[in-house]
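# Structure at a glance
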Amino acid sequence: MADSSFDIVSKVDHQEAENAVNQARKEVEQRYDFKGTGASIAWSGEQILIIASTEERAKAVLDVFQTKLIKRGISLKSLEAGDPFASGKEFRIVSSLKDGISSENAKKIGKLIRDEGPKGVKSQIQGDELRVQSKSRDDLQSVITLLKGADLDLDLQFINYR
């Protein structure tokens, strides 16, 4: 019998992220506590740009955006939010969404599987994802459980389980 396998990926649904930005923008435009503060949120290329008149308002807009991401099913581990910085008379926060598994994180996950996972489980890096193989499907299930319980700083999805 052939080996069973699955892939570990870290992907963000860009349509859902777009919807979260649009919902946050609408809420910021309508909320009374944001009136007259120049607060806004918008895409700036591949990054999300938050602008407000004070540092606290910029952080509040970021909080609204994080709430919308959670409601849309996007993990906050995928959001890389910068610190507020002054730009003229306004404060800005530049944020981005992490997509894919970096090579150092892939090596860290592979080492975790080798050290703490069941014997006979092999993992190999394939671009920005990892393929995990084993003869036993139970071993693959225990690897998924291990990775869900691990404190990794990225959002993992498990696909192509066969």
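Overview of the structure. (Residues numbered from 1 in each chain as written. Predicted model: local features only at pLDDT ≥ 70, side-chain atom pairs only at ≥ 80, totals over all residues. Heavy atoms only, no water.)

### Section: the overall build of the protein chain
Scanning the protein chain for helices and strands turns up 4 helices and 9 strands. Along the protein chain, from the amino end to the carboxyl end, the secondary structure elements read β-α-β-β-α-β-β-β-α-β-β-α-β. For the protein chain, whose C-alpha radius of gyration is 20 Å, the value lies well above the compact-globule estimate of 15 Å for 162 residues. Dimensions along the principal axes, computed over C-alpha positions, put the protein chain at roughly 65 × 25 × 25 Å. Buried residues in the protein chain amount to 37% of all 162 residues. Put simply, 61% of the contacts in the protein chain that link residues at least 6 apart link residues at least 24 apart. (Helix = DSSP H or I, 4+ residues; strand = E, 2+ residues; numbered from the N terminus. Rg over C-alpha atoms; globule rule 2.2 N^0.38 Å. Buried < 20%, exposed > 50% of the residue type's maximum accessible area, 1.4 Å probe, protein only. Contact = heavy atoms within 4.5 Å.)

### Quick word on the sheet that holds strand β9 (residues 157–159)
Ordered in space as β7-β8-β1-β9, the 4 strands form an open sheet in which the pairing is antiparallel. Each edge of the sheet is formed by a strand with only one pairing partner; in this case those strands are β7 (122–126) and β9. Averaged over all adjacent pairs, the angle separating strand axes in this sheet is 25°, with direction ignored. Here helix α4 (residues 137–149) sits on the sheet and contacts β1 (4–9), β8 (129–134) and β9; the angle it forms with β1, its principal contact strand, is near 20°. (Pairing = 2+ DSSP bridges. Axes fitted to C-alpha atoms, helices over the stretch in contact; angles between N-to-C directions.)

### A closer look at helix α1 (residues 14–30)
Over its 17 residues, α1 extends 24 Å from the first C-alpha to the last, a length consistent with the 24 Å expected when each residue adds 1.5 Å. Every buried residue of α1 is accounted for by A17, A20, V21, A24 and V28. Considered in projection along α1, the buried side chains sweep an arc of 100° and stay on one side of the axis. Those residues of α1 that are buried are in contact with β2 (40–44), β3 (47–52), α2 (55–71) and β6 (90–97). Put simply, D13 is the residue that caps the front of α1, since its side-chain oxygen is 3.2 Å from the backbone nitrogen of Q15. (Expected span 1.5 Å × (residues − 1). Arc of directions from axis to C-beta. Polar contact = N/O pair within 3.5 Å; in protein donor to acceptor, adjacent residues only side chain to side chain.)

### Some thoughts on the nonpolar core
Residues F34, I41, V61 and F65 are the most contacted members of the largest nonpolar core, which totals 23 residues. Looking at this core, the elements that each hand over two or more residues are α1, β3, α2 and β6. Here this core gets 7 residues from one element, more than from any other, and that element is α2. Apart from the residues within four sequence positions on either side, F65 is in contact with A20, V21, A24, I41, I48 and L79. Among the nonpolar cores identified, the runner-up in size contains 18 residues, and I8, L130, V143 and L152 belong to it. (Core = buried A, V, L, I, M, F, W, Y, C linked by side-chain atoms within 4.5 Å.)

These values are about where atoms sit, not about what they do.
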